[in-house]
Amino acid sequence: MGETRKKTKPKASDDEASATGGLASPHAFSLHLACGLSLAAALWIAGAGGESVDLVSDPSRTLRLVWVIECPIAILLYSLARERPAQTSYIRAVVRGALALPAGAMVNALGAIALGAPVGTQYLAKTINWSLVMSTWIVVPAACVFGASWNSWQRIFAFTKPISSIDFMICLPAHGAIIGAWFGAWPMPLDWERPWQEWPICVSYGAMIGYLVGMVASLGFILLRHGHDHVKID
Amino acid sequence: MSPSSITCSRFAIIAAAAVLLQSLGLSLFIFGFFPTKPALSGVSGPESFRAPWPNGVGNDSAAALPPEELKRLYQELSEISPPFDRLILMVVDGLPAEFVLGRDDKPPREAFVEAMPYTQSLLANGFAVGYHAKAAPPTVTMPCLKAMVSGAIGGFLDVALNFNTQALQDDNIIGQFFRTGRKMVMHGDDTWLKLFPGSFIRHDGVSSFFVKDTVQVDQNVSRHLDEELCRDDWDLLILHYLGLDHVGHLGGRNSFLMGPKLKEMDEVIEMIHQSSLRDKKNHQTGTLLVIVSDHGMTESGNHGGSSFEETDSLAVFVDLGDHTLDHASATDNSANQIDIAATVALLFNVPIPKNNIGVVIPHALNFMTDAEKMRALELNSWQLLRLLQAQLSGLPCEHVLVEENTGDTKSVVTECGGNIEQVFCCLYQNAAVLHRSWKFKRIFVSNIEDYKSAAAAYYVFLRTASQWLARRMTDKPVGLLVVGISAMILSCLIFLGLVFHLNEALYVREDHQISSLKKYAFSWHLDEIFLMGATLIHVISMGSSSMVEEEQYIWYFVSSTFYLLLIRKTAQTILADRTQSSVGLSLSLNGKISYPIISLFSVLVSGRILRAWHQGGINWVNLPDISKWLKLAGHEYVKRLWLLACLSVIILSIYVLIFLWTRRKMVLVVGFSFFIPGLMVLKYIISHEDDTSGSFTYSYGSTVSAQKIYRVLGALTVVAVVAVPWLIHIWTSKACSNGDICLSTSGSHDILKLPPLMEMRDSFYVIGWAYIFCWCLLQLLLQQPTNSLPVLLLLVQIYASMLHSFSALPAHKHWIEVAALYQLGMAGHFALGNSNSLATIDVAGAFIGASDFSMLSSGVLMFIITYASPLLFLLSMPMWISVKDFNCLVTLRNANLGDLLKMMLGFPCVIPLCLNSVTLTAYTIILLLMRNHLFIWSVFSPKYLYVAAATVCVYLGVFIIASTGTYIYLVTFIGKDKIRSFNGGMR
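Calculation criteria
- Residues numbered from 1 in each chain as written.
- Chains lettered and ligands numbered in written order.
- Predicted model: local features only at pLDDT ≥ 70, side-chain atom pairs only at ≥ 80, totals over all residues.
- UniProt positions renumbered as here; feature names shortened; annotations may be inferred.
- Helix = DSSP H or I, 4+ residues; strand = E, 2+ residues; numbered from the N terminus.
- Buried ≥ 20, exposed ≤ 12 C-beta atoms within 10 Å, placed from the backbone.
- Contact = placed C-beta atoms within 7 Å.
- Pairing = 2+ DSSP bridges.
- Axes fitted to C-alpha atoms, helices over the stretch in contact; angles between N-to-C directions.
- Parallel < 35°, antiparallel > 145°, perpendicular 65-115°, else oblique.
- Left-handed = near helix turned anticlockwise from the far one by under 90°.
- Nonpolar A, V, L, I, M, F, W, Y, C, P; charged D, E, K, R; others polar.
- Expected span 1.5 Å × (residues − 1).
- pLDDT = per-residue confidence, 0-100.

Chain B carries the name GPI ethanolamine phosphate transferase 2 C-terminal domain-containing protein in an unreviewed UniProt entry, which gives Eucalyptus globulus as its organism. The UniProt entry for chain B carries the following comment under Sequence similarities (unreviewed entry): "Belongs to the PIGG/PIGN/PIGO family. PIGG subfamily." The record in UniProt for chain B states the following under Subcellular location (unreviewed entry): "Endoplasmic reticulum membrane".

An unreviewed UniProt entry annotates chain A as Phosphatidylinositol-glycan biosynthesis class F protein originating from Eucalyptus globulus. Heading Subcellular location (unreviewed entry) of the UniProt record for chain A holds this comment: "Endoplasmic reticulum membrane". Of the comments in the UniProt record for chain A, the one headed Pathway (unreviewed entry) reads "Glycolipid biosynthesis; glycosylphosphatidylinositol-anchor biosynthesis."

A. Spotlight on the overall build of chain A. Along its length, chain A carries eight helices and zero strands. For chain A, the succession of helices and strands along the chain, N to C, is α-α-α-α-α-α-α-α. When burial is assessed residue by residue, chain A has 45% of its 234 residues classed as buried. Long-range pairs, those at least 24 residues apart, make up 74% of the contacts in chain A with a sequence separation of at least 6.

B. Region of interest: helix α35 (residues 868–875) of chain B. Most of α35 of chain B is tucked away: eight of the eight residues are buried. Every buried residue belonging to α35 of chain B is among Ala868, Ser869, Pro870, Leu871, Leu872, Phe873, Leu874 and Leu875 of chain B, and all of these are buried.

C. Fine view of the sheet that holds strand β3 (residues 184–189) of chain B. All names here are of chain B. Read from one edge of the open sheet, eight strands run β4-β3-β5-β1-β6-β7-β2-β8, paired in mixed fashion. A strand with exactly one partner marks an edge of an open sheet, and here the two such strands are β4 (202–206) and β8 (334–336). Pairwise comparison of adjacent strand axes, ignoring direction, gives a mean angle of 20° for this sheet. Sheet topology note: the strand β1 (residues 84–92)/strand β5 (residues 236–241) ladder contains six bridges and is parallel. When the sheet's bridge partners are listed, valine 92 is paired in β5 with tyrosine 241. With respect to the sheet, helix α15 (residues 339–347) is in contact with β1, β2 (128–134), β6 (286–292), β7 (312–319) and β8, its orientation differing from that of β6 by roughly 175°.

D. Broad picture of the packing of helix α31 (residues 755–782) of chain B against helix α32 (residues 788–807) of chain B. All names here are of chain B. Two elements in contact, α31 and α32, have axes whose closest approach is 9 Å; the angle formed by their N-to-C orientations is 165°. Comparing their axes, α32 and α31 come out roughly antiparallel. Viewed along their axes, α31 and α32 form a crossing whose handedness is right-handed. Taken together, the residues of α32 that come into contact with α31 (itself represented by Ile772, Cys776, Gln779 and Leu780) are Ser788, Val791, Leu795 and Ile798. A per-class count over the contact of α31 with α32 returns six nonpolar, two polar and no charged.

E. Spatial organisation of the UniProt feature "transmembrane region" (unreviewed entry) in chain A. All names here are of chain A. The residues that UniProt annotates with the feature "transmembrane region" (unreviewed entry) are residues 21–45, 65–81, 93–116, 128–153, 165–185 and 205–224. Taken end to end, residues 93–116 has its terminal C-alpha atoms 34 Å apart, with 92% of it in helix and 0% in strand. Annotation note: span residues 205–224, helix share 100%, strand share 0%, distance between end C-alpha atoms 29 Å.

F. Broad picture of helix α28 (residues 635–657) of chain B. Residues and elements named next belong to chain B. A rise of 1.5 Å per residue sets the reference length of α28, with its 23 residues, at 33 Å; its end C-alpha atoms lie 33 Å apart and thus fit the reference within 8%. For α28, the set of buried residues is Val638, Trp642, Ala645, Cys646, Val649, Ile650, Ser653 and Leu657. Contacts made by the buried residues of α28 are with α27 (626–633), α29 (664–687), α31 and α32.

G. Highlighting the confidence of the model for chain A. Residue and element names in this part refer to chain A. Put simply, chain A has an average pLDDT of 83, and 86% of its residues get 70 or more. When mean pLDDT is compared element by element in chain A, helix α4 (residues 90–114) scores highest at 94, while helix α1 (residues 2–19) scores lowest at 36. Ignoring residues within four places in sequence, the model shows residues 1–21, a span with pLDDT below 50, making 22 contacts including any to other chains.

H. Looking closely at the pairing of β7 of chain B. All names here are of chain B. For β7, the tally of buried residues reaches eight of eight residues, placing the bulk of the element in the interior. The side-chain alternation of β7 yields two buried faces, one formed by Asp312, Leu314, Val316 and Val318 and the other by Ser313, Ala315, Phe317 and Asp319. Alignment of β2 against β7, held across seven bridges, turns out to be antiparallel. Note on β7: the bridge partner recorded for tyrosine 131 is alanine 315. Of the strand pairs in this sheet, β6 and β7 are connected by five bridges, and their pairing is antiparallel. The residue of β7 that forms the bridge with leucine 289 is valine 318.

Next up, the structure:
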């Protein structure tokens, strides 16, 4: 029962997506480029542009800069690619994205604490900013695009079965960020006595690398798919 | 193909054979890898003053001689007139030689020089010589003291397994002094009194227990000093100052207390020196002051490892007479701690201890004439030759020496080569020839050149022999190791094979009936891949010493990640159900779904609190954690928490038991009888006294009540295991004959309502419950009071896991669930404050309820405390068997009872054995590869002891599971009619 429903549902959304969400690869490329550039810009502003901090010296401020700069861009751009644009207005998608930011941050923070992130007043700001960044990368795009469509959420996060281009664009960077953060936590307990072994510096680096790799991989998948589609059409 | 071709009994035999093979391999490896006791037994006597071959005049009857005679005999034989008649051995615990002598030609730090003006002036004016006396790891007080007095490096197992200090049995200089009738006095660390009971005419032992005390502990030594220096009834005075070590433990090398403490030590040295100078006229010969430290300390003040800072101990020889030492510079001032024994023995005309591998310290010989120096070197060489002879059978030095002549030395001295025996012979021969030629020539003219070359030749031989013998101590018999490792690898492969066989047997037979099940069984799921990957990562990580030190992080991280993955897996089903409910199916499904999610969350939350309880490991152990916070908060809070934990354990357990309410009589009987020990533990906690005074003397009343609790818990568990299957059996048959419905709460499938199966599952449930409850109560009694809440949290984790296994749909694979429980057990092991260092073993708990000391009982208690968590999770396996659905087995047409038993017991027994064998085998290989690593004795070897003990723990748990299961099975299916009815029911 559930199986068949699962199969039919994406197909319907796929049909819709062909008109709306099924991004062409130039669009996908520019979206990812915008997100990547905003991340780079945030890090550059933190480093060179006046603040002169980086992830190691002041992780909390740097991470705050990252989500403050990247989050509006991600919300505005991903809302353009929302599912069923006929029923959902652009403003609504933007509001969803904005609401998803703290909610997703909550989930991320709880997950990190369950995995052993330190709890304490001196870590509070770091944890909050880190989880807001993670939320920007993982939850916000999905919230803008899918809204409250549980099937899509389930497809992306519980089953990891992306179908359309926009699925790939949300799923792969998000999973990349999670897996990267998970591996980024490994050096933390070692006795290398490097400043970047502190929470959440190396975790953020790992997540960043994973996020970028996921973006590149999703572009690759989209290009491959388009190639197939063209072959089919021909 | 038929994987079910392995019957139950054959399966059991294969598993048991693999266990035997593994334990054999493990013991072979341990005996091969860890250095054992020294080679020669007994003590050195007059024979040590003769050459080690039998052509000298033999027949010693020294044993019968009275001490004074013996002393005179030794003096005669040694041909050395003793330069001193009294020895003051001043041990400054934990003083790094760097503080006094500097490091690598650099002078010591300014502050330390200023703190010890007198000692520095002694060194500068040539009244004293100082050495960096390298200590052998583990750099802990007792083994270092043993090395110092016996000249031998102790075995690692000897150190690790010797938790309570016992008298030193090996030959040592203190024993030699005692036998020659010298009077000895000891003030300071009571380790000396434990090592040499009854040897001292006066002593004042202080305990090293109160680490925070840096003042009183040394005053207790110094207060005797005035009196002792005035008296002349002693020949050996030992002063062991602990304060400096305590300062280090509290504040590290740079502690603000370090300067004043060094100053205090300097004042003691000055006092001894001045008083001896004053007394000099009264004494014919002098007094020798030897200032030594047993080990150094790291920057943070710890010790035990093998870094330069820790092994850099001090040896200063201060002449208190009128001898002059021509050695003022600190050019060649490195020695070994083991050299002290030989040096002191030669200076005081006692035989060098039999297993000594040290070499006499060159400048200490400056107290003697040239002839005596030569003689001392010769005696040292003979002693080492004896030891070499014991190791290398037929060291053929004898005949070479016979044909030598005393003529031209240049032609006799040869380059040494060939095998190890020939090298030793040749080196010794060179030295002996030069010695003889020097002696011969000396009659005519004193030749300093010849003397120097002879002494140099002796030192070449002594150093070579000493190094070879030291290496020999850690030398490994390759054959044993290879056999041991291959046995372990083989048994590991057998276990892996058994696991695959079980997995196959569970699902494959269904193939033509339920294809989806088959698909499920053969597709690899994320959680399975993750667990395998995690095992792999764990194994690889153990190759790094810092990961071994911080192993707990891996277990915490992996287990909580695994449970997050399970949440994801459960989310797949929840969302699917939500879509169904949105279509219009009943909402009650959501209620059912909430159990798995809630249980997973409680496992995660308890796991996180457990993790925060003890900041384990080595590097970050000083960071704040809940247990430290509780200790600061005071005993009152700890006790309240303890009571709360105990009450919650009792209430939670009774609540879990009530799940089986359909067997009302059973629940009532078991519940009430197990309530009694619960109350007893409560009473014990209430009456428990605050023992922060540190005296560790448990009052008589608490000892008796602890013993009572042991007895009641033991008796109840045995009675429960024996009686419960019978009671359930009898009551079921009675109820069935009365026409009642034979229902059980567990199991909703019709096939499971077969009476015998239900009986088995209920028996498993009750017995598993009894195991868990008793174990938790025992832990509440034994663990430190701060660990009471973690015990409760572990219990919560167990019951939550059971609830999850029972309610999760689709059910996880069997092996995944057992492996997850094993993971939780290991994470809990570290959460209770254990680490891979031997220092965290709770020795104090091992004496609860012990009225007199017994090695066995305290060892057992120590094991119970240390392996509380892994054993708890193993003991929960009977309950897991009862909550797990085995219905897929029973639906088979050709199912026989043996297969059922194999499936039920196979997973909980073989999975822990398999996981443990993978760890054990991998770590054994790592240990072998790391044998030359700097941290082999301080990090890797203690971890290996833990791995070996964990293996024992798994054996124990698996044995309990297997025997309980077999017993329940036998009781349930006793009588053939039962089996017939079972098979009838099948059809």
